[in-house]
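What follows is the residue order along each chain.
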Amino acid sequence: MLKKFSLKTNQRDQMIEVTQQVQDLIKEMNIQEGAVVVYCPHTTAGITINENADPDVKSDMIRRFDEVYPWNHKLDCHMEGNTAAHMKASTVGSSQHVIVTDGRLLLGTWQGIYFCEFDGPRNRTFYVKVH
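First, a word on scope: everything that follows refers to the structure included in this document. Because the structure is predicted, anything quoted here is derived from the model rather than measured. (Residues numbered from 1 in each chain as written. Predicted model: local features only at pLDDT ≥ 70, side-chain atom pairs only at ≥ 80, totals over all residues. Heavy atoms only, no water.)

Next up on the list: the overall build of the protein chain. Within the protein chain, the secondary structure is distributed over three helices and eight strands. When its helices and strands are written in sequence order, the protein chain yields β-β-α-β-β-α-α-β-β-β-β. Computed over C-alpha atoms, the radius of gyration of the protein chain comes to 15 Å, within 12% of the 14 Å expected from 2.2 N^0.38 for 131 residues, which places it in the range of a compact globule. The dimensions of the protein chain, computed from C-alpha atoms along their principal axes, are 50 × 30 × 20 Å. Sequence-distant contacts in the protein chain: of pairs separated by 6 or more residues, those separated by 24 or more amount to 83%. Both charge centroids of the protein chain, one from 14 positive and one from 16 negative side chains, sit 5 Å from each other. (Helix = DSSP H or I, 4+ residues; strand = E, 2+ residues; numbered from the N terminus. Rg over C-alpha atoms; globule rule 2.2 N^0.38 Å. Contact = heavy atoms within 4.5 Å. Lys, Arg positive; Asp, Glu negative; His and termini not counted. Charge placed at Lys NZ, Arg CZ, Asp CG, Glu CD.)

Below is the structure:
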């Protein structure tokens with residue numbers, strides 16, 4: 001089963017937790033054991049798993065990404081001017097694979113699944129494949 005999700009981002013850099021949407025799909029499909037792949041089909045966005053308890057983690061990550069990949073760099077040649085977004089997306093990656101057991105995502109106590117926007121605001125999609 002493959003399901004497409006849509007979301008709207010409202011900032012250039014943003015981490016949006018999508019854990020509940022993925023968990024709801026697992027429940028809807030009555031999946032007890034298996035795995036899911038959460039995939040982002042965009043070159044300037046990605047999917048990661050990270051802490052979901054302290055909101056400062058998201059802002060710290062975005063700030064540190066900006067330090068490593070500044071938005072304006074005099075040597076960047078990409079005509080759209082969003083090389084930093086491509087670098088961030090490549091660093092985060094386009095997908096995450098999560099085990100499902102007893103009908104639940106097997107995540108750590110403080111873990112959540114995040115859609116990471118690096119070139120917003122935009123209308124975006126991500127996919128969840130259950131197997």
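Right, picking up where we left off after that structure.
Examined against the element boundaries, arginine 124 turns out to sit in strand E8 (residues 123-130). Of the polar contacts made by the side chain of arginine 124, one reaches the side chain of glutamate 117; its length is 2.8 Å. In contact with arginine 124, not counting residues within four places along its chain, are Phe5, Ser6, Leu7, Thr9, His42, Thr44, Ala45, Phe115, Glu117 and Asp119. (Polar contact = N/O pair within 3.5 Å; in protein donor to acceptor, adjacent residues only side chain to side chain.)

Moving on: the pattern of salt bridges. This model, assessed by the stated rule, comprises nine salt bridges. One salt bridge connects aspartate 13 with lysine 88, and the closest N-O pair in it is separated by 2.9 Å. With a gap of 75 residues between them, aspartate 13 in the loop between strand E1 (2-8) and strand E2 (14-17) and lysine 88 in helix H3 (residues 83-92) connect regions that are remote in the sequence. Lysine 88 matches aspartate 13 in its accessibility class, with the two residues each being buried. In this structure, the salt-bridge partner of arginine 124 is glutamate 117, at a minimum N-O distance of 2.8 Å. (Salt bridge = Lys/Arg side-chain N within 4 Å of Asp/Glu carboxyl O. Buried < 20%, exposed > 50% of the residue type's maximum accessible area, 1.4 Å probe, protein only.)

The next subject is the sheet that holds strand E4 (residues 45-51). Overall, antiparallel pairing links the three strands, which are arranged E2-E7-E4 in an open sheet. Single-partner strands in this sheet number two, and they are E2 and E4. Within this sheet the neighbouring strands show an average axis-to-axis angle of 35°, counted without direction. Pairing of E2 with strand E7 (residues 111-117) involves four bridges; the strand directions are antiparallel. In the strand pairing of E7, isoleucine 16 is matched with phenylalanine 115. Contacting E2, E4 and E7, helix H2 (residues 56-68) crosses the sheet at an angle of about 145° to E2. (Pairing = 2+ DSSP bridges. Axes fitted to C-alpha atoms, helices over the stretch in contact; angles between N-to-C directions.)

We now examine the side chain of lysine 88. Overall, the relative accessible area of 0% leaves lysine 88 in the buried class. A polar atom in the side chain of lysine 88 sits 2.9 Å from the side chain of aspartate 13. Once residues within four sequence positions are removed from consideration, lysine 88 is found in contact with Arg12, Asp13, Phe65, Asp66, Tyr69 and Phe118.

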